[in-house]
Amino acid sequence: MQVSSLNEVKIYSLSCGKSLPEWLSDRKKRALQKKDVNVRRRIELIQDFEMPTVCTTIKVSKDGQYILATVVTFETLSDDYSKVVFLHNDRYIEFHSQSGFYYKTRIPKFGRDFSYHYPSCDLYFVGASSEVYRLNLEQGRFLNPLQTDAAENNVCDVNSVHGLFAAGTIEGRVECWDPRTRGRVGLLDCALSSVTADSEINSLPTISALKFNGALTMAVGTSTGQVLLYDLRSDKPLLVKDHQYGLPIKSVHFQDSLDLILSADSRIIKMWNKNSGKIFTSLEPEHDINDVCLYPNSGMLLTANETPKMGIYYIPVLGPAPRWCSFLDNLTEELEENPESTVYDDYKFVTKKDLENLGLTHLIGSPFLRAYMHGFFMDIRLYHKVKLMVNPFAFEEYRKDKIRQKIEETRAQRVQLKKLPKVNKELALKLIEEEEEKQKSTWKKKVKSLPNILTDDRFKVMFENPDFQVDEESEEFRLLNPLVSKLCEKRKKKLRLFEQQELHEKEEEEEPEGKPSDAESSESSDDEKAWVAEVRKQRRLLQQEEKVKRQERLREDRQTVLKPQFYEIKAGEEFRSFRDSATKQKLMNKTLEDRLKLEAKNGTLSVSDTTVGSKQLTFTLKKSEQQKQQQEAEKLHRQERKTLRRSAGHLRSRPWRGRPFH
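This structure is a prediction, so every number in the text was calculated from the model and none was measured.

A closer look at the overall build of the chain
Point 1. Across its full length, the chain holds 16 helices and 32 strands.
Point 2. Residues counted as buried form 35% of the 662 residues belonging to the chain.
Point 3. When contacts within the chain are restricted to residue pairs at least 6 apart in sequence, long-range pairs at least 24 apart make up 45% of them.

Digging into the packing of aromatic side chains
Point 1. For the structure shown, the criterion picks out eight aromatic pairs.
Point 2. Ring plane angle 35° and centroid distance 6.0 Å describe the contact between Phe74 and Phe86, whose orientation is recorded as tilted. Here Phe74, found in strand E5 (residues 73-76), pairs with Phe86, found in strand E6 (residues 84-87); they are twelve residues apart in sequence, far enough to count as distant. Each member of the pair Phe74 and Phe86 is classed as buried.
Point 3. The ring of Phe74 carries the charged tip of Lys59 above its face, separated from the ring centre by 5.4 Å.
Point 4. Looking at Lys104, its charged tip hangs above the ring of Tyr92, at a distance of 4.9 Å from the centre.

Overview of the sheet that holds strand E16 (residues 183-189)
Point 1. As summarised here, the arrangement of the four strands in space is E13-E14-E15-E16, forming an open sheet in which the pairing is antiparallel. Only two strands of the sheet have a single partner each, and these edge strands are strand E13 (153-158) and E16. Adjacent strand axes in the sheet meet at a mean angle of 20° when their direction is disregarded.
Point 2. As paired elements, strand E14 (residues 165-169) and strand E15 (residues 173-178) share four bridges and run antiparallel to each other. Bridge pairing in E15 places Gly168 opposite Val174.

Some details on empty space enclosed by the protein
Point 1. On inspection of all chains with the given rule, the structure shows two cavities of 30 Å³ or more.
Point 2. Roughly 50 Å³ of internal volume is contained in the second largest cavity.
Point 3. Lining the second largest cavity are Ser15, Pro285, Glu286, His287, Asn305, Thr307, Lys309, Met310, Gly311 and Tyr313.
Point 4. Classifying every residue of the lining of the second largest cavity gives three nonpolar, five polar and two charged.

Topic: the pattern of salt bridges
Point 1. All chains considered together, the criterion is met by eleven salt bridges.
Point 2. Note that Arg112 is salt-bridged to Glu152, the shortest N-O span being 2.7 Å. Here Arg112 is found in strand E9 (residues 111-117), whereas its partner Glu152 is found in the loop between strand E12 (141-147) and E13, with 40 residues between them in sequence.
Point 3. You can call Arg112 partly exposed: its relative accessible area is 33%.
Point 4. A salt bridge links Asp178 to Arg180; the nearest nitrogen and oxygen atoms lie 3.1 Å apart.
Point 5. When its relative accessible area of 14% is taken as the criterion, Asp178 is described as buried.
Point 6. Judged by relative accessible area, which is 70%, Arg180 ranks as exposed.
Point 7. Each of Asp149, Glu175 and Arg184 takes part in a single network of salt bridges with overlapping partners.

Remarks on the pairing of E12
Point 1. Pairing of strand E11 (residues 131-136) with E12, which is carried by five bridges, proceeds in the antiparallel orientation. By the bridge assignment for E12, Val132 is matched with Leu146.
Point 2. Once E11 ends, the chain turns through four residues before running back antiparallel as E12, passing Gly140 with a positive phi of about 75°.

Quick look at the side chain of Thr206
Point 1. Residue position: Thr206 is located in the loop between helix H3 (190-194) and strand E17 (207-213).
Point 2. Thr206 gets classed as buried once you look at its relative accessible area, which sits at 19%.
Point 3. Beyond its immediate sequence surroundings of up to four residues, Thr206 is in contact with Asn154, Thr169, Ile170, Gly172, Gly221, Thr222 and Ser223.

A few points about the sheet that holds E17
Sheets are built from strands that pair by backbone hydrogen bonding, the pairs being arranged parallel or antiparallel.
Point 1. Pairing within the open sheet is antiparallel, and its four strands lie in the order E17-E18-E19-E20. Each edge of the open sheet carries a strand with a single partner, namely E17 and strand E20 (239-242). Within this sheet the neighbouring strands show an average axis-to-axis angle of 15°, counted without direction.
Point 2. Pairing analysis gives four bridges linking strand E19 (residues 226-231) to E20, with the strands arranged antiparallel. From the neighbouring strand, Gln226 faces E20, where its bridge partner is Asp242.

Quick notes on the environment of Leu87
Point 1. By the element assignment, Leu87 lies in strand E6.
Point 2. Overall, Leu87 belongs to the buried group, its relative accessible area being 2%.
Point 3. Sequence-wise, Leu87 and Phe74 are 13 residues apart; in three dimensions their C-alpha atoms are separated by 5.8 Å.
Point 4. With residues up to four places along the chain from it excluded, the contact list for Leu87 reads Val72, Thr73, Tyr92, Ile93, Ile107, Gly111, Arg112, Asp113, Phe114 and Phe125.

Regarding the confidence of the model for the chain
Point 1. Residues of the chain with pLDDT of at least 70 account for 73%, and the chain-wide mean is 78.
Point 2. When pLDDT is averaged over each element of the chain, E14 comes out on top at 97 and helix H12 (residues 518-521) at the bottom at 43.
Point 3. Scored below 50 in pLDDT, residues 339-343 makes eleven contacts in the model with residues more than four places away or belonging to other chains.
Point 4. Scored below 50 in pLDDT, residues 506-523 makes 19 contacts in the model with residues more than four places away or belonging to other chains.

Looking at unusual backbone geometry
Point 1. With phi around 75°, Arg91 is a residue other than glycine that occupies positive phi space.
Point 2. At Asp259, a position not held by glycine, the phi torsion is positive, near 55°.
Point 3. By secondary structure assignment, the location of Asp259 is in the loop between strand E21 (251-255) and strand E22 (260-264).
Point 4. For Asp259, a relative accessible area of 30% puts it in the partly exposed group.

Comments concerning a positive patch on the surface
Point 1. Judged by side-chain charge, Arg555, Arg558, Lys635, Arg638 and Lys642 come together as a positively charged surface patch.
Point 2. At the level of secondary structure, the elements contributing two or more residues to the positive patch comprise helix H13 (525-559) and helix H16 (625-644).
Point 3. It is H16 that contributes the most residues to the positive patch, three residues altogether.
Point 4. Residue classification places Lys642 among the exposed residues on the basis of a relative accessible area of 64%.

Regarding the pairing of E21
Point 1. Summarising burial for E21: five of the five residues are buried, a large majority.
Point 2. Along E21, one buried face is formed by Ser251, His253 and Gln255 and the opposite face, lined by Val252 and Phe254, is buried too.
Point 3. Relative to E22, E21 runs antiparallel, the two being bridged by five bridges. Its bridge partner being in E22, Gln255 is matched across the sheet by Leu260.

So, the nonpolar core
Point 1. Of all hydrophobic cores here, the largest spans 18 residues; its most connected members are Leu14, Ile58, Met300, Leu302, Met310 and Leu328.
Point 2. At the level of secondary structure, the elements contributing two or more residues to this core comprise strand E3 (57-60), strand E26 (300-305) and strand E27 (311-314).
Point 3. Sorting elements by how many residues they give to this core places E26 first, with three residues.
Point 4. Excluding its chain neighbours within four sequence positions, the residues that come into contact with Leu302 are Ile58, Val60, Ile67, Asp291, Val292, Cys293, Tyr295, Gly311 and Ile312.
Point 5. Of all hydrophobic cores here, the second largest spans 15 residues; its members include Ile11, Leu260, Met271 and Ile315.

Cut-offs applied
- Residues numbered from 1 in each chain as written.
- Predicted model: local features only at pLDDT ≥ 70, side-chain atom pairs only at ≥ 80, totals over all residues.
- Heavy atoms only, no water.
- Helix = DSSP H or I, 4+ residues; strand = E, 2+ residues; numbered from the N terminus.
- Buried < 20%, exposed > 50% of the residue type's maximum accessible area, 1.4 Å probe, protein only.
- Contact = heavy atoms within 4.5 Å.
- Phe/Tyr/Trp six-rings, centres within 6.5 Å; stacked < 30°, edge-to-face > 60°.
- Lys NZ or Arg CZ within 6 Å of the ring centre and 35° of its normal.
- Pairing = 2+ DSSP bridges.
- Axes fitted to C-alpha atoms, helices over the stretch in contact; angles between N-to-C directions.
- 1 Å grid on protein atoms, 1.4 Å probe; cavity = no way out; pocket = protein on both sides within 12 Å on 5 of 7 lines; lining within 4 Å.
- Points joined across faces, edges and corners; volume = space filled by probe spheres on them.
- Nonpolar A, V, L, I, M, F, W, Y, C, P; charged D, E, K, R; others polar.
- Salt bridge = Lys/Arg side-chain N within 4 Å of Asp/Glu carboxyl O.
- pLDDT = per-residue confidence, 0-100.
- Patch = residues over 30% accessible without salt bridge, like charges linked within 9 Å, V, L, I, M, F, W, Y side chains within 5 Å.
- Areas by Shrake-Rupley, 256 points an atom, 1.4 Å probe, with all protein chains shown as cover.
- Lys, Arg positive; Asp, Glu negative; His and termini not counted.
- Charge placed at Lys NZ, Arg CZ, Asp CG, Glu CD.
- Core = buried A, V, L, I, M, F, W, Y, C linked by side-chain atoms within 4.5 Å.

This is the structure we're talking about:
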């Protein structure tokens, strides 16, 4: 069992690995499975899935229950194997029923392919002749053949929607015929269309594969390795894909659920999107390919190879596993434990131009080159050997390029002093100074260098978005950084110099140097005392500012005079509330951010910063009109009492001058 992956598409090969003979005992099988990984991972879906000889065609019955393989080609006339027609390489045609051999007949010339036209019960045979032989199964006799303009015909197909018959010729053309009138209705010159600017053709391309899809789409494969996708309404191909191996296309199939086209030559199977032409994935079996078949309504792929052994592959993204092996869907995780990736880490990608420069064009089609996209993969060791032979000084150039790349990388890691960001300039200047100190320090060689915030993409918004600007007047900044004014004197001078240099648009600038200030270099206890004193001073200033703000708010409240407001209710309406249900529903549909802004605007919510950098939200509960009126009445009552209050100072007790009372 092998697992390969290309373009993140996993392909499970179910036919590779070692198999155990049936005559081995169970004990011996278990012992071998413990020792050999390939034996342990093998899943034999179909026992003895081999043919007596090499087969050129493989197909699956329409009901998906039977797999058939022959030397030339065949066609199933029923959903199962009860009605099958075989074309042999000795011009004989055999009809088989469910019980076995039924009838044999012979065509005049050697046949290469045939198709069945269901509406008329006609079999169309093409081969080493310019004629297309017709055999009617209802009458049991041959009909007049169709005369083509080609010397020989290789392949043919019948459109299942409207019954159009198409034949591919050795001259690289496709002739289309209408079975109802037995006349030719179209001609496509595929050989001319398959030649592109990048393709190298040494011989005339012939048609080697042909397949209809739907009523208007047709795929054509050539003997030089190109696949052409046509719309029957146009004589120009929609897409032209090159397999890059120069080998004849053996088979073409359509995968409708993912809009894929599957094309295969003897070396590789490629799956690509029929709309964009982008490669979906590819597969290179261990043996040369003769034919490919897609299992109906599943992700299974069958191949007939140049060996009697057939190939079975499972691609989960194409569809589920067939019903008779549905357990494969549950084994995908187990099969991925030891995947065999086809990512070419030990290979070098080269184009045709690179091969010409290296003098290796004769290796195209050999095992030394693996066709991929618009070029090839070749072994990296072979590439270096040939490169060294062609250019002996290539290693010295490579070494110089590597040294140049290392120097550019170290330059990119340095802090660029040419331009400061628009936001948080002082913070950026502080980070620059810290980076310079690290570079000048002696422990730089011992400690691994960390990435700088200025060059890190994760923090670039902090120096671009004004919302991240540091507010030096906030309470948190003043309490956490009490000595910022003393510590940043030198930095502010540098910042002014940078701003002047930016105005003059100088390309290079030198950083002003000077002696470090006492606040930066001193580490004595005097700094701690000064820091404590500065914190206390800042706290006193903050308290005074808060007291002044409270007095201003109280003064504004006293000056505010509430005036009564009157509202008119229309006749026939009943008073319920000043805010009806529609307004409330509209408010509930708003986001939390919009509601918080509205509450802050109305005065029922206040947001303030705390000393530790967090946010504090204060909500004021809404009061009813009755509560507001009562508070207003109490306020007016207190003011009236203040105006009517009389002093009681004259009632103070005086010393008694008469005799005391006994």
